[in-house]
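Working through the structure, step by step
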Amino acid sequence: MAIVEKAPDAFRTISEVADEIDVPQHVLRFWESRFSQIRPMKRGGGRRYYRPDDVDLLRGIRHLLYGEGYTIRGVQRILREQGAAFVQNVWRAGAEPAPPLLEEDAEDAVPGSGDDRPEPSLFSFSERGDDDVETSKVDQAAGEAARLVSAENRRKLEVVLDELLACRQIIDSALGQH
């Protein structure tokens, strides 16, 4: 079968976008839950269709998360302060550089640095609303673990943790509807 090249202004399916920007489809769906600026058009059956601007925004988010080392919260801050148009172009060669990483926006931020209170880390359950665990003990243990895990593995663990939490929200929501 011959592959037909789409026009640059054509809508893309989630599988096309996932292949194009080299992230799994579930990550795109997860980002949609974290970034209100991502609004693909949805058709019957929930099929997503992404506009060219949506794809550029996703490329920018990917660049900031994976290329620049921002956390999801850091990218949310940039979207709030700089706007979606900035993020849509930040990945392009010669684009205005991303603002400097703030300590709380950096993937490599070390919990507990500075004062004696542990800062929220990518392993922190307290900021995620999990009231069923002793958050201070969990955060303390997570801070120790974070110092032992490489930045690359921490980034992977954060993605997995966020995906698991999103799954838990979906399950909780489904159970609450029955």
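Since the model is a prediction, treat every value here as computed from it, not as a measurement.

Description of the overall build of the chain
- Looking only at helices and strands, the chain has seven helices and three strands in total.
- Reading the helices (α) and strands (β) of the chain from amino to carboxyl end gives β-α-α-β-β-α-α-α-α-α.
- In the chain, which comprises 178 residues, the share counted as buried stands at 36%.
- When the accessible surface of the chain is split by element, carbon and sulfur atoms take 52% of a total near 11000 Å².

Side note on the packing of aromatic side chains
- Taken as a whole and assessed by the stated rule, the structure comprises one aromatic pair.
- The interplanar angle of 50° and the centroid separation of 6.1 Å between the aromatic rings of Trp 31 and Tyr 66 together place this pair among those described as tilted. In this pair, Trp 31 is assigned in helix α2 (residues 25-34) and Tyr 66 in helix α3 (residues 52-67), connecting sequence segments 35 residues apart.
- With relative accessibility at 2%, the residue Trp 31 sits in the buried group.

Quick look at the packing of α2 against α3
- Put simply, α2 and α3 touch, their axes get as near as 12 Å, and they point 95° apart. On the basis of the axis angle, α2 is roughly perpendicular to α3. Contacts from Val 27, Leu 28 and Trp 31 in α2 reach Leu 58, Ile 61, Arg 62, Leu 65 and Tyr 66 in α3.
- Its residues assigned to classes, the contact of α2 with α3 shows seven nonpolar, no polar and one charged.

Remarks on unusual backbone geometry
- Although it is not a glycine, Asp 22 adopts a positive phi angle of roughly 60°.
- With respect to the helices and strands, the residue Asp 22 is situated in the loop between α1 (14-21) and α2.

A short note on the pattern of salt bridges
- A full pass over the atoms with the stated rule returns eight salt bridges.
- Among the salt bridges present, the one from Arg 62 reaches Asp 22, with a minimum N-O distance of 3.7 Å. With Arg 62 in helix α3 and Asp 22 in the loop between α1 and α2, this residue pair connects regions lying 40 residues apart in the sequence.
- Residue Glu 81 pairs with Arg 77 through a salt bridge whose shortest N-O separation is 2.9 Å. In this pair, Glu 81 and Arg 77 both sit in helix α4 (residues 72-82), four residues apart, roughly one turn of the helix.

What counts, and where the lines are drawn
- Residues numbered from 1 in each chain as written.
- Predicted model: local features only at pLDDT ≥ 70, side-chain atom pairs only at ≥ 80, totals over all residues.
- Heavy atoms only, no water.
- Helix = DSSP H or I, 4+ residues; strand = E, 2+ residues; numbered from the N terminus.
- Buried < 20%, exposed > 50% of the residue type's maximum accessible area, 1.4 Å probe, protein only.
- Areas by Shrake-Rupley, 256 points an atom, 1.4 Å probe, with all protein chains shown as cover.
- Phe/Tyr/Trp six-rings, centres within 6.5 Å; stacked < 30°, edge-to-face > 60°.
- Axes fitted to C-alpha atoms, helices over the stretch in contact; angles between N-to-C directions.
- Parallel < 35°, antiparallel > 145°, perpendicular 65-115°, else oblique.
- Contact = heavy atoms within 4.5 Å.
- Nonpolar A, V, L, I, M, F, W, Y, C, P; charged D, E, K, R; others polar.
- Salt bridge = Lys/Arg side-chain N within 4 Å of Asp/Glu carboxyl O.

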